[in-house]
Amino acid sequence: MTASARSVRAAEAESRPRELSDATVKAAGGWISQFARTLKTCRLYDAGNPTVVRFRDELGAAATALTGEHGPITYRFEADDVTCDGQSLHPARSRDDNFAYPFHRDGVRGFTLQPGVDPREVGTLVDSVLAVTGANLDADDLVTLLWEANLPHVDIDFIPAQGDVGGDPAAQGGGDPAASLLPWPEPDPDDEAKPGDAVAPATGGDRSEDWLLGGLTVEVEAAFVELDALASVEVGRFLREFTEEHLVSPIRAALAIATACLNANATDEDRQELARFLPRVLRGALSVGAWPEALESLRAIRGLRPPQWSEETFVQELMQPVSIARVVERLDEQEPDEIAAYLALSLEVGDAGLDWITLALCESQRRVTRQLLAEFIAERCRDNPERLAPWLADGRWYVVRNIVHILGWIGGPPIVGLLQVALRNPDTRVRTQVVASLSQVELRLARPLLIRALDGAEPRLFCTVLGQLSAARDPATARFVYAFTQHERFAQRSPEERRAVYAAIASVGGDELVPELEAELLKGNWFDRETEIHRHNIARCLVRIGTPTARAVLERATQSKRTPVRQAAQMALASLGGAA
Amino acid sequence: VSDRAETPREGESLVAFGETLLLRLSALTRTARTYDVSNQAFQRQMQEFHGVLRQIFEVEDEVALVMVSDYLYLNGMRIKGHTGLLGAYHATMADFERRHVGGLRFLPAVEPAEIERFFQVFMAAEDSVLAERLPETLAEAAIVNIAVVPASELEAEDLTRELAEKPTPKGERARARKVFWRAVLGTKKIVLRARQNGRPDLRQAKRLVQPVVDNIMKHEYSIVGLTAIKDHDEYTYTHCVNVAVLSISMGQHLGLPRQALADLGVSGLLHDLGKMSIPGEVLRKPDALSAEEWVMMRRHPLEGAVMIARMPGLSTVMLDAMRACLEHHMNYNRTGYPDVELDWGQATMSRIVAMADCFDAITAHRAYHKRPRTPFEGLQLLLGPNRVNFDPAVLWALVRSVGLYPAGTVLQTASGHVVACISPNPNDVTRPHCRVLVRPDGTSPPEEEPEHWDPMPEHDHAHRVLLPDEHKIDPASLLAA
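What you see is a predicted model, and the numbers here were worked out from it, not measured in a lab. One numbering rule holds for all chains: residues counted from 1, following each sequence as written. To read the labels, note that chains go from A and ligands from 1, taken in the order they are written. Only residues with pLDDT of at least 70 get local features here, since the model is predicted, and only at 80 or more are side-chain atom pairs given and counted; chain-wide, interface and lining totals rely on the full set of residues. To get the side-chain values, take all heavy atoms of the structure and skip hydrogens and water.

Things to note about the sheet that holds strand E3 (residues 77-79) of chain B
All names here are of chain B. The five strands are arranged E3-E2-E1-E4-E5 in an open sheet whose pairing can be described as antiparallel. Of all the strands in the sheet, just E3 and strand E5 (146-150) have a single pairing partner and so form its edges. Averaged over all pairs of adjacent strands, the angle between their axes in this sheet comes to 25°, without regard to strand direction. Any two residues whose heavy atoms approach within 4.5 Å are treated as being in contact. Angles here are taken between N-to-C directions and fall from 0 to 180 degrees, while the axes themselves are lines fitted to C-alpha atoms, restricted in helices to the stretch in contact. Strands here mean DSSP runs of E at least two residues long; helices mean DSSP runs of H or I at least four residues long; both are numbered from the N terminus. Packed on one face of the sheet, helix H4 (residues 112-124) meets strand E4 (101-106) and E5 and runs near 35° to E5. Between any two strands, at least two bridges found by DSSP are needed for them to pair.

Observations concerning the environment of B:Phe57
Locating B:Phe57 in the fold gives a position in helix H2 (residues 40-57). With residues near it in sequence (within four places) discarded, B:Phe57 still touches B:Glu62, B:Val63, B:Phe106, B:Leu107, B:Pro108 and B:Val110.

Examining the pairing of strand E8 (residues 433-438) of chain B
Every regular strand shows the same layout, with side chains that alternate between the two sheet faces. Residue and element names in this part refer to chain B. For E8, the tally of buried residues reaches five of six residues, placing the bulk of the element in the interior. Here five bridges tie strand E7 (residues 418-423) to E8, and the two strands are oriented antiparallel to one another. Paired with Ala 420 across the strands is Arg 435, a residue of E8. Two strands pair when backbone bridges link them, and E8 and strand E9 (residues 452-453) are joined in this way by two bridges, in the antiparallel orientation. Across the sheet, Arg 435 pairs through a bridge with His 452, a residue of E9. Burial classification: accessible surface area is computed with a 1.4 Å probe over protein chains only, and a residue below 20% of its type maximum counts as buried, one above 50% as exposed, and the rest as partly exposed.

Here's the deal with the packing of aromatic side chains
Residue and element names in this part refer to chain B. Each pair of aromatic rings taken from Phe, Tyr and Trp, with Trp reduced to its six-membered ring, is defined by centres within 6.5 Å and is described as stacked if the planes are under 30 degrees apart, edge-to-face if over 60, and tilted in the remaining cases. Here the structure, examined in full by the defined rule, presents 26 aromatic pairs over all chains. Geometrically, the ring pair formed by Phe 42 and Phe 119 is edge-to-face, given 6.1 Å between the ring centres and 65° between the ring planes. One end of the pair, Phe 42, is in helix H2; the other, Phe 119, is in helix H4, with 77 residues separating them in the sequence. Of the two residues, Phe 42 and Phe 119, neither departs from the other in class, the shared state being buried. When the ring of Phe 180 is compared with that of Trp 181, the centres are 5.4 Å apart and the planes differ by 80°; the resulting orientation is edge-to-face. Accessibility expressed as a relative area gives 1% for Trp 181, which makes it buried.

Observations concerning unusual backbone geometry
In this model, B:Tyr337 is joined to B:Pro338 through a cis peptide bond whose omega is -5°. Mapped onto the elements of the fold, B:Pro338 is located in the loop between helix H17 (316-327) and helix H18 (348-362). Of note, the bond from B:Asp454 into B:Pro455 is cis; its omega dihedral lies within 30 degrees of zero at 0°. Take B:Pro455: it is sitting in the loop between E9 and strand E10 (462-465). The phi dihedral of A:Asp85 is positive, around 55°, even though this residue is not glycine. By the secondary structure assignment, A:Asp85 is in the loop between strand E2 (82-84) and strand E3 (87-88). Judged by its relative accessible area of 19%, A:Asp85 is buried.

Remarks on helix H26 (residues 548-557) of chain A
Residue pairs spaced three or four apart in an α-helix point in one direction, given the helix's 3.6 residues per turn. Considered for burial, the residues of H26(A) that qualify are A:Ala550, A:Val553, A:Leu554 and A:Ala557. The buried residues of H26(A) occupy one face: seen down the axis, they fall within an arc of 95°. Note: the arc covers the axis-to-C-beta directions of the helix.

Overview of the packing of helix H21 (residues 459-469) of chain A against helix H23 (residues 495-508) of chain A
Residue and element names in this part refer to chain A. Put simply, H21 and H23 touch, their axes get as near as 9 Å, and they point 10° apart. In terms of their interaxial angle, H21 and H23 are classed as roughly parallel. In this structure, H21 uses Pro 459, Phe 462, Cys 463, Leu 466 and Leu 469 to contact H23, whose residues at the interface are Glu 496, Glu 497, Ala 500, Val 501, Ala 504 and Val 508. Looking at the contact of H21 with H23 residue by residue, the classes come out as nine nonpolar, no polar and two charged. Relative orientations are named as follows: roughly parallel for angles under 35 degrees, roughly antiparallel for angles over 145 degrees, roughly perpendicular for angles from 65 to 115 degrees, and oblique for any other angle. Ten residues, namely Ala, Val, Leu, Ile, Met, Phe, Trp, Tyr, Cys and Pro, are considered nonpolar, four, namely Asp, Glu, Lys and Arg, are considered charged, and the remaining ones, Gly among them, are considered polar.

Some points on the pattern of salt bridges
Opposite charge on two side chains allows them to pair when their charged atoms are near. Put simply, a salt bridge is a Lys or Arg side-chain nitrogen that is within 4 Å of an Asp or Glu carboxyl oxygen. The full count for this structure, using the stated rule, is 55 salt bridges over all chains. Two residues, A:Arg429 and A:Asp427, come together in a salt bridge whose shortest N-O distance is 3.0 Å. Overlapping salt bridges, with partners in common, bring together A:Glu234, A:Arg237, A:Glu241, B:Arg351 and B:Asp391 in one network.

Focus on the nonpolar core
In terms of nonpolar packing, the biggest core is built from 237 residues, with A:Phe277, A:Tyr342 and B:Leu269 touching the most fellow members. If we skip the residues at most four places from it in the chain, A:Phe277 touches A:Ala254, A:Ala258, B:Ala309, B:Leu314, B:Met318, B:Leu319 and B:Met322. Within the second largest apolar cluster, 49 residues are counted, among which are B:Tyr73, B:Val101, B:Leu134 and B:Leu138. Throughout this description, the term nonpolar core refers to a set of buried Ala, Val, Leu, Ile, Met, Phe, Trp, Tyr and Cys residues connected via side-chain atoms within 4.5 Å.

Things to note about the side chain of A:Asp81
Residue and element names in this part refer to chain A. For Asp 81, the position within the fold is in the loop between strand E1 (73-77) and E2. By relative accessible area, which is 2% here, Asp 81 ends up buried. We define a polar contact as two N or O atoms separated by no more than 3.5 Å, with the added condition that, inside protein, one atom must be a possible hydrogen donor and the other a possible acceptor, whereas residues neighbouring each other in sequence contribute only through side-chain atom pairs. At 3.2 Å, the side chain of Asp 81 and the backbone nitrogen of His 90 are in polar contact.

Points about the sheet that holds E2(A)
All names here are of chain A. If you walk across this open sheet you meet the five strands as E3-E2-E1-E4-E5, and the pairing is antiparallel. What marks the edges here is a single partner per strand, and that holds for E3 and strand E5 (154-158). With five bridges connecting them, strand E4 (residues 108-113) and E5 associate as antiparallel partners. Residue pairing in the sheet places Thr 112 in a bridge with Asp 155 of E5. Strands in contact with helix H2 (residues 22-44) are E1, E2, E3 and E4; relative to E1, the strand with the most contacts, it is inclined by about 60°.

So, the packing of helix H22 (residues 475-486) of chain A against helix H24 (residues 514-522) of chain A
Residue and element names in this part refer to chain A. Direction vectors running N to C along H22 and H24 enclose 20°, while the axes themselves pass 11 Å from each other. Classified by the angle their axes make, H22 and H24 are roughly parallel. Of the two possible hands of crossing, H22 and H24 adopt the one that is left-handed. Residues Arg 479, Tyr 482 and Gln 486 of H22 touch H24, and the partners they reach there are Glu 516, Leu 517 and Glu 520. Of the residues in the contact of H22 with H24, the class split is two nonpolar, one polar and three charged. Throughout, a crossing is termed right-handed when the near helix is turned clockwise from the far one, and left-handed when it is turned anticlockwise from it by less than a right angle.

Let's talk about the confidence of the model for chain B
Residue and element names in this part refer to chain B. Here pLDDT means the predictor's own confidence in every residue, given as a number from 0 to 100. On average, residues of chain B score 84 in pLDDT, and 89% of them are at 70 or above. Across chain B, the element-wise mean pLDDT spans from 35 in helix H8 (residues 159-165) up to 96 in helix H13 (residues 258-270). Scored below 50 in pLDDT, residues 1-9 makes 16 contacts in the model with residues more than four places away or belonging to other chains. In this model, residues 155-168 is a region of pLDDT below 50 whose contacts with residues beyond four sequence positions or in other chains number eight contacts.

Details of the confidence of the model for chain A
Residues and elements named next belong to chain A. Looking at chain A as a whole, the pLDDT averages 84, with 84% of positions reaching at least 70. Low pLDDT, under 50, characterises residues 1-11; the stretch is placed with 15 contacts to residues that sit more than four places away or in other chains. Counting contacts from residues 163-205, a segment whose pLDDT is below 50, to residues more than four positions away or on other chains yields 111 contacts.

And the structure:
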């Protein structure tokens, strides 16, 4: 707006008799500024942000207070200003900072806040303005949003929708643009009844454009009486049907209508048009978690084979983080049967469906969801666990851990190589899971990996691995484990680790290790307390190995002149007796 | 501004001039919207317009075309909006409203060059910011023989507000006319845009039906009466609006919620979009259609549904409209078309739209009828053997909406009056709002002071419905007035 126009407006405002007091206009201005601030805050932060919540609450309360104190307040919207009683309240600071613009653009010329306005109504007003100032290319305009909101204490003054016809290149010579464009019926003046024409009675049995008609009845009144008598029943039935129809989700309805259209003698051209519509249904179904509808849409699209449809692009869309987040959000609130429908859809997607559910598994926050997805992945990859190999290189530890977990469910020799890869993962949590999964592999195959897992393992994992290694006797493993006892820092290991080592020696060792254990039993001096504990543990190992050779070593030790050796052997043998 | 007392001759000439001027002005603005003022098409229209101005200047000192309270006046004489003029009437009013002007004043010295400059400025003022500066811009462009009359001057007596606040039948009818014709013009825009873009503008359609819903929710049924006008110049669009209005009214009688009424209105407005794909010669064919032509005709529901499928989103209103397009000829007893080869029933909203469509189509003034069926004959047809095609609840709602004697019906009452039904009475379907045409003594109320029954008094009742050949009255003109 030009400066001259502003001055004209100001002059007009001054010359006009004022209806509201200065205090009222000032208060109205304060509220509109608060409204503008609230909008800005809402655009900056999430809806749940405490500041946003507070601003909105305060704006609603302020509207109630304003109208309670000053009565109805009417705001007028111009292209670049909000006025009240002709006074400028919130002129635009720039093109981008123009509070009045969205109102004026959409045809809202003013609104009146009536006393009793509810904070919820103000909230709806705020939401509506936010909706039309975001990315809403195809959404409703502000007038429609506010009309639909039907706010009882906010009267909206808007200009009617434009009802002109413009920009019609086909119109020639200033004639009726519609005439040249539309094949719709135009009256033929020659066929119209002239005042003097003989009037042919309009009897039934002929057509009326697109309706084929039957005969007449004369008794309209009687027919209506009959209808009226049944009206309460019929209207009730009609409303029930209406309600039931509108309980169906839009996605289901869209799919059903599209299917009906396809069955209505659709031509190839129609089918191509509907093939352009169905991907929208598919995307809509995916966004709301309507998996059966998505499955049906996908099958329908494939049946139509539209040229513009690309499976590759569709799969890429599915894999987008934002899509995955939405899918997971839905899955995490769905029941197991709904998740099963999702899994069925993933099968329809094809091989990429496996990656899709794996991504969902990785992001899911709910145990039940993860369990169902993982079981499904395991089942799908049972014959080909190699399919999961790419996921083992994922940078996210929890993704790899999940995959290792699934590999454990699959079990068997084929997963050993994959677990070997996973064992290189720097994250302990992954390696711990690898060890757990190795329990599902034959020990003979798992042993090399378990032994490798001991390298640098933290105490808990160290104990777990040794526990697993203890499942069967193995001379090589026994020597490997025994070697831990010979390490100079063995005594500095935690008691749990040391206990695990002795237990493992007892479990996997045999006669081949007895000479070394005898030497350990006998060595040491009088003053080394740690040696005594070690001696007792070695004696217990020999007892648990339990072979005649081991037993013979202990028997000999009971005859030792050195009291600690003798006591260790005697106690070990006694424990055997006690156990017996 | 009031109806000026004129000698009959002066008044008659002004009325005739008013109609011509309005048609020319409307054609000129329409051309200016498409063409530059230097274009031959515009120049031709401008010469025609200037010619009319010159004719008026021969008998008048100035030409003042102003809009007051839903009517246009030429030098104080009201221009009556008969059916052939309604398009131009309401387009001009809409043009004035958008530019915040109450009217235009032309002085005798006006020349084509000045008219040309004026239209350049006037058309640009469609932008509301420029509209505010229109008087200043005209002065800057040295336009001295054409002036805009500010709307505020004409609202000095606050006529519009008075009408809005007082629910008098007259005010209600004025509001209804405004809403109805805006909807017709808006529908024209939607249909033409759909033709150009391949899909209708849902936002615009929603905006058009909202005031209709508001009217009907306030139990103002005058707008239902306007559906009987059957303007054949704008058949395409009035039919769409009629179906929307009738559907909304029927939905309200059935107890549908406000939002559903709006969605229903949109469905009604868009239900026949598929006809854009049917050749005009088939649609206009005066004889019975051949089998091949029926195949073509039977495709329009699907064509319409496909066209709506091109609209973005998957909103409820869009799906309702798509379904109404597809199903509005299916019939409640599944005897219609298209056959979708499924266990598929007509949706509730589609049943309403189908009913409204059928009622409006069979009472339309079409080329293949020697004379149009009256709305009463339309009801006779629907309540006869055809009733099995429709949901009984919906058929009931139709009669509740239009009354037993729908607008446009001319009937003789028991008291001997001949009356034209103007709008339905929601409280009693047998007693519509009427305009008295002939009193029992054979006299007629003067045209300037029409006698209205709002509604027909309780002591009277319909005695006999008159067929068109029993009277020489054009009910549409009465409805449009």
